[in-house]
Amino acid sequence: MNDSNKDSNKKCPQEDCWAPEIACNLGWDLDSCPHYKEVAAHSEDDKNTKEDSFLLPWLSNSLGLVDLQFIAGRSKPIIIGIIGGHNAGKTTLLTTIYLLLTQGQRATNRQFGGSFTFGGWEHLAHALRWMPHQAPHFPAHTPNNAGRLPGLLHLAFRMGHEEFEDVLLTDAPGEWFERWSVDKEASDIEGARWISKYADVFMFLVDSEALSGPDRGEARTNTLNLAQRLSSELMGRPVAVVWSKSDIPIREVVQAALMSKFSELFPRQREFRVSVEREQSHQKISADEFIELLSWILEEHTKTTSEGISLTVQKDDDPLLAFRG
Amino acid sequence: MIMRKLLKSLLVIGGPAAGKTHYGGQLLGRLNKGDNCLRMIDAPSNISPFEEVLKRLGQGLTAGHTATDIYDEVILPIERQKGEKVELVFPDYGGEQVRTMMERRQVSIAWRNRLRESSGWLLFIRLDRIRAYEDLLSRPRGRGAPQMPVESPEDFKWSDQAYYIELLQLLLYAKGVGVVKRVKDPTLCVVLSCWDELGGDVTHGVSPAQLLNLRMPLLGEFISSIWTDSHVTVLGLSALGKALREKEPDEDYMDYGPENFGYVILPDGSMSKDLTLPLALTMERLP
């Protein structure tokens, strides 16, 4: 979803290979790779790669589409599309879920089974932690055009005794969805279209703060436009309607009208109310609603058949070289 | 050389200051003594780093930081009383290579080979050094609270839980082990080192596995979901029995000798003075 932003860092001439940042997409040692060896002769990065070492195929940052081949090799990942406008609280919601898992909270019937994006998760979690000389602050705005972000954050779970599932949560800027809600064919929102096409299940964030403020009329219109766009692309997939910053009261009439509309637009929906803030600092935040949300999302996807993600397959003399599961 | 190829190997893994050094020294003393579960067979090629540790401990002093540029790996060939033999490998004696692998996202071929040959891992973790931070959920700010200055990005560090899980993922990948099915090979022994430094109020009435789950719940859950129950052990270890200093000798150590100090906390919470038990229990569970 952010691949076009990474071209300046790309070294290998093969379309989907990001060596030497991560391991060769075709499974070659970089010294032997017929595509990379000419680049290596001039590459500073390659000089930093010791000859007697091999690279890991994941960096631990949030993932781009080319990174998915590594995960898709072991299971069909479940994609959770997190939809919401600018400042709706998408990244804070993601971060909160991760923090709760680190504290030992569990989604129903699931044990944590790892992540290939710990670097990404920890960067987000760092913002919400009390550190020496630092109070928690909300994670930085998800960038629209820089580095490897926005991207996909990964969690793995063990269900029951043996079953194993990979889950990818989208972390995309609200601007994408704001554009998508008014023009779904806009040229610069490929990521939003990808999410709408491939997500198995959605979290639709409704910003309680915006809906209670002086610009609530505009916020209401934007929320409805986005809900209608999502509805038109839904094809039966479930939606968790997440009222973020829910400690802020919204006028009854605004809330009732939106709830009624959501029921109409999202045939398979459930509402959740979450917040990581309280009026007073001594009021404790309950994990229950967040965990219920995660559990519902993970259970609902099993009743859904979404379009399988489309990955580019590199062909070489031996196609099995591409498999690293 | 031929015998080494036939032996299963156990790797001792942990970052810098995880307690491997003191354990290695104390273990050497116990293995040489031969009155525990395990004994040494043959003469290891190079045990000088552990002999230096033993010498320091005999003086009642802590061994200090390991000079990682001098020693690469230490291998101890050992035997159970029942006759089973393994080699205990400290592939990264100083713990620096682990840190480098994590930072550079590269695994050396030597490490990969060691991992592929290994049947069991002893992962050393110091719970008393785990950083625990409150967050917005456990300690809300109060809406409208003024923003405080934010640290520079250089201050960012991973949580210890994330670090250890990533390390295990990295090691499993390098060994070529998938996790979709629960793992039996390698057997894992989590050694919660410097147990005495946690304090009696922390360790009283809890088993090592319970304490791991309390202090590092995500790591505990990861291990439990990835390995089969029968191939994981969590132990507490106090290799020295008490904290020593670098310059002021401990009278008891000088009087009684280091071989009379140190203990292991077994999975049921009971205590044993046999410091070879982490190896013996891991050997019992080898694939």
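The paragraphs below set out a description of the structure included in this document. Note that this is a predicted model, so its numbers are computed, not measured.

Rules behind the numbers
- Residues numbered from 1 in each chain as written.
- Chains lettered and ligands numbered in written order.
- Predicted model: local features only at pLDDT ≥ 70, side-chain atom pairs only at ≥ 80, totals over all residues.
- Heavy atoms only, no water.
- Axes fitted to C-alpha atoms, helices over the stretch in contact; angles between N-to-C directions.
- Helix = DSSP H or I, 4+ residues; strand = E, 2+ residues; numbered from the N terminus.
- Parallel < 35°, antiparallel > 145°, perpendicular 65-115°, else oblique.
- Contact = heavy atoms within 4.5 Å.
- Buried < 20%, exposed > 50% of the residue type's maximum accessible area, 1.4 Å probe, protein only.
- Arc of directions from axis to C-beta.
- Pairing = 2+ DSSP bridges.

### Remarks on the packing of helix H4 (residues 90-102) of chain A against helix H11 (residues 288-300) of chain A
When two helices pack together, their arrangement is given by the angle between the helix axes and by the axis-to-axis distance.
Residues and elements named next belong to chain A.
Turning to step 1, where the next piece is worked out: Packing of H4 against H11 brings their axes to within 10 Å, and their N-to-C directions diverge by 100 degrees. What the angle tells us is that H4 and H11 run roughly perpendicular. Contacts between H4 and H11 involve Leu 93, Thr 96, Ile 97, Leu 100 and Leu 101 on the former and, on the latter, Phe 290, Ile 291, Leu 293 and Leu 294.

### Overview of helix H8 (residues 208-215) of chain B
Residue and element names in this part refer to chain B.
Turning to step 1, where the next piece is worked out: Buried within H8 we find Pro 208, Leu 211 and Leu 212. Viewed along the axis of H8, the buried residues span an arc of 105 degrees, placing them on a single side of the element.
Turning to step 2, where the next piece is worked out: Buried-residue contacts for H8 involve strand E7 (187-192), helix H7 (200-203), helix H9 (217-226), strand E8 (232-238) and strand E9 (263-265).

### Describing the sheet that holds strand E6 (residues 201-207) of chain A
Residue and element names in this part refer to chain A.
Turning to step 1, where the next piece is worked out: What the 7 strands build is an open sheet, ordered E3-E4-E5-E2-E6-E7-E8; its pairing is mixed. Each edge of the open sheet is held by one strand with a lone partner, namely strand E3 (110-112) and strand E8 (269-273). Strand-to-strand twist across the sheet, computed as the mean angle between neighbouring axes with direction ignored, equals 30 degrees.
Turning to step 2, where the next piece is worked out: In terms of strand pairing, strand E2 (residues 78-83) meets strand E5 (residues 163-171) through 3 bridges, oriented parallel. Residue pairing for E5: Ile 80 is matched across the bridge by Leu 169.
Turning to step 3, where the next piece is worked out: The strands touched by helix H7 (residues 190-198) are E2, strand E4 (151-159), E5 and E6; relative to E2, the strand with the most contacts, the crossing angle is about 130 degrees.

### Remarks on the pairing of E6(A)
All names here are of chain A.
Turning to step 1, where the next piece is worked out: Across the 7 residues of E6, 7 count as buried, placing the element largely inside the fold.
Turning to step 2, where the next piece is worked out: Judged by which residues are buried, E6 turns out to be covered on both faces: Val 201, Met 203, Leu 205 and Asp 207 on one side and Phe 202, Phe 204 and Val 206 on the other are all buried.
Turning to step 3, where the next piece is worked out: Bridge analysis of E2 against E6 gives 4 bridges, and the strand direction is parallel. Paired with Ile 82 across the strands is Met 203, a residue of E6.
Turning to step 4, where the next piece is worked out: Two strands pair when backbone bridges link them, and E6 and strand E7 (residues 239-244) are joined in this way by 6 bridges, in the parallel orientation. Paired with Asp 207 across the two strands is Ser 244, which belongs to E7.

### Describing the pairing of strand E3 (residues 74-80) of chain B
Residue and element names in this part refer to chain B.
Turning to step 1, where the next piece is worked out: Counting buried positions over the 7 residues of E3 gives 7, a clear majority of the element.
Turning to step 2, where the next piece is worked out: Sheet topology note: the strand E2 (residues 38-40)/E3 ladder contains 3 bridges and is antiparallel. Counted as the bridge partner of Arg 39 is Glu 79 from E3.
Turning to step 3, where the next piece is worked out: Alignment of E3 against strand E4 (residues 85-90), held across 6 bridges, turns out to be antiparallel. Following the sheet pairing, Pro 77 is matched in E4 by Glu 87.
Turning to step 4, where the next piece is worked out: In this antiparallel pair of consecutive strands, E3 and E4, the connection spans 4 residues, and Gly 83 shows a positive phi of 105 degrees.

Geometric descriptors of this kind do not, in isolation, establish any biological role.
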